[in-house]
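Structural features, examined
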Amino acid sequence: QVQLVESGGGLVQTGGSLRLSCAASGRMFSDFAMGWFRQPPGKDRELVSAISRSGTDTYSKDSVRGRFTISRDNAKNTVYLQMNSMRFEDTAVYFCAATERADWTSFVLGDYNYWGQGTQVTVSS
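Keep in mind the model is a prediction, meaning the values are calculated, not measured.

Working definition: the covalent bond between the sulfur atoms of two cysteines is a disulfide. Under the criterion given, the structure shown has 1 disulfide. Each sulfur in the disulfide pair Cys22 and Cys96 lies 1.9 Å from the other. Between Cys22 and Cys96 the sulfur-sulfur dihedral comes to about 45°; the bridge is accordingly right-handed. Pair noted here: Cys22 is in strand β3 (residues 18-26) and Cys96 is in strand β9 (residues 92-99), with a separation of 74 residues, a long-range link. Both residues of the pair, Cys22 and Cys96, count as buried.

This paragraph deals with the sheet that holds strand β8 (residues 78-83). The strand order across the open sheet formed by 4 strands is β1-β3-β8-β7, and the pairing between neighbours is antiparallel. Single-partner strands in this sheet number two, and they are β1 (2-7) and β7 (68-73). The sheet shows a mean angle of 15° between the axes of neighbouring strands, taken without regard to direction. Here 6 bridges tie β3 to β8, and the two strands are oriented antiparallel to one another. Each bridged residue has a counterpart across the sheet, and for Ala23 the counterpart in β8 is Thr78.

The rules we used
Here the residue numbering is sequential within each chain, running from 1 through the sequence in written order. For a predicted model such as this one, the threshold for reporting local features is a pLDDT of at least 70, and the threshold for listing and counting side-chain atom pairs is 80 or more; totals across whole chains, interfaces and linings nevertheless cover every residue. The side-chain numbers reported here are obtained from all heavy atoms of the structure, hydrogens and water having been left aside. Throughout, a disulfide means two cysteine sulfur atoms within 2.5 Å of one another. Runs of E in the DSSP output that reach at least two residues are strands. Runs of H or I that reach at least four are helices, and both are numbered from the N terminus. Each residue gets one of three labels from its accessible area relative to the maximum for its type: buried under 20%, exposed over 50%, partly exposed in between, using a 1.4 Å probe on protein chains only. Between any two strands, at least two bridges found by DSSP are needed for them to pair. Angles here are taken between N-to-C directions and fall from 0 to 180 degrees, while the axes themselves are lines fitted to C-alpha atoms, restricted in helices to the stretch in contact.

This is the structure in structure tokens:
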């Protein structure tokens, strides 16, 4: 089992930046591919970015590509989401999640075994 704790959320103006962190504890962190999801008000949870176990491969959804960067530090058991040029539509609760799947590119919400509690990100105009 792995426990995930997000931090770094808050209020930011349009065009600003935030960096989210997700600290993991429990099993070996490098055994898991990681993802950042978000859930805007009244909408479904969606994948924002994902990263392979080693950190060499990443994926980001079209609307954040070029603005958001996912990274991980396996020595620190932490995954990050750097968010730049933020927009009002980035407002959401952001969750980190871990998957044991060998195929880290499944990008299916149900394939993620462990979830953090979420952190609120609010972008104001």
